[in-house]
Amino acid sequence: MAYQGDYVLAALVDFKFCTVDSTGAPTVLSGTPAISVYKSNDTTQTTTGVTLSVDFDGVVGLNHVHIDTSNAFYATGTDFDVVITTGTVDSISVVGYTVGSFSINNRSAL
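Everything numeric here is computed off the predicted structure, so don't read it as measured data.

Calculation criteria
- Residues numbered from 1 in each chain as written.
- Predicted model: local features only at pLDDT ≥ 70, side-chain atom pairs only at ≥ 80, totals over all residues.
- Heavy atoms only, no water.
- Helix = DSSP H or I, 4+ residues; strand = E, 2+ residues; numbered from the N terminus.
- Rg over C-alpha atoms; globule rule 2.2 N^0.38 Å.
- Buried < 20%, exposed > 50% of the residue type's maximum accessible area, 1.4 Å probe, protein only.
- Contact = heavy atoms within 4.5 Å.
- Polar contact = N/O pair within 3.5 Å; in protein donor to acceptor, adjacent residues only side chain to side chain.
- Pairing = 2+ DSSP bridges.
- Axes fitted to C-alpha atoms, helices over the stretch in contact; angles between N-to-C directions.
- Core = buried A, V, L, I, M, F, W, Y, C linked by side-chain atoms within 4.5 Å.
- Phe/Tyr/Trp six-rings, centres within 6.5 Å; stacked < 30°, edge-to-face > 60°.
- Lys NZ or Arg CZ within 6 Å of the ring centre and 35° of its normal.

### A few points about the overall build of the protein
When its secondary structure is counted, the protein shows zero helices and nine strands. Counting from the amino terminus, helix and strand elements in the protein follow one another as β-β-β-β-β-β-β-β-β. For 110 residues, the compact-globule formula gives about 13 Å, and the C-alpha radius of gyration of the protein, at 14 Å, lands near that figure. Considering only C-alpha atoms, the protein reaches an extent of 40 × 25 × 20 Å along its principal axes. Considering the protein as a whole, with its 110 residues, one finds that 34% of them fall into the buried category. For the protein, long-range pairs separated by at least 24 residues make up 67% of all intrachain contacts whose partners lie at least 6 apart in sequence.

Put into structure tokens, the structure is as follows:
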């Protein structure tokens, strides 16, 4: 998991992550994959404004996440974790894997 940065409210957050099999080879994220964003230390999550592109640009195992933080779910002074909530890699569930994190006006004086 990688920290993506501290953003201003209503920013667009974009990042990529790779899924690999047990040998380390890039592998498709399958099984109707979905990504959710969790707010701070809360069980509150959202998929609103969250887009997952599997095999981005035709590259097997390369996944792209796009998050529009203009939704009311996002708030300043808050941390967020991006988590796989549905999906498999090589027939093995990857539900619960955190693939990224970011904050909104919570790290620097933007």
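### A word on the side chain of Thr-69
Following the sequence through the fold, Thr-69 ends up in the loop between strand S6 (62-68) and strand S7 (78-89). Polar side-chain contacts of Thr-69 include one of 2.7 Å to the backbone oxygen of Ala-11. Setting aside chain neighbours within four positions, we find Thr-69 in contact with Val-8, Leu-9, Ala-10, Ala-11, Val-13, Tyr-74, Phe-102 and Ile-104.

### Some words on the sheet that holds strand S2 (residues 12-18)
The strands making up a sheet associate through backbone hydrogen bonding, with each pair oriented either parallel or antiparallel. Strand order in this open sheet of three strands is S2-S6-S5, and the pairing throughout is antiparallel. Each edge of the open sheet carries a strand with a single partner, namely S2 and strand S5 (50-53). Going across the sheet, the axis of each strand differs from the next one's by a mean of 15°, ignoring polarity. Summarising the sheet, S5 and S6 pair through four bridges and their orientation is antiparallel. Bridge pairing in S6 links Leu-52 to Val-65.

### Description of the nonpolar core
Residues Phe-15, Phe-17, Val-37, Ile-67, Tyr-74, Val-82 and Phe-102 are the most contacted members of the largest nonpolar core, which totals 21 residues. Sorting elements by how many residues they give to this core places S7 first, with four residues. Ignoring anything within four residues of it in the chain, the contact list for Phe-17 reads Leu-29, Ile-35, Leu-52, Gly-61, Leu-62, Asn-63, Val-65, Ile-84 and Val-99.

### Topic: the packing of aromatic side chains
Overall, the coordinates contain six aromatic pairs when judged by the stated rule. Relative to Phe-80, the ring of Phe-73 lies with its centre 6.0 Å away and its plane at 50°, an arrangement referred to as tilted. We note that Phe-73, like Phe-80, is buried. Measuring from ring centre to ring centre gives 5.1 Å for Tyr-74 and Phe-80, while their planes differ by 55°; the resulting arrangement is tilted. Of the two residues, Tyr-74 and Phe-80, both sit in the buried class. A cation over a ring is seen here: Lys-39 above Phe-73, with NZ or CZ 4.6 Å from the ring centre.

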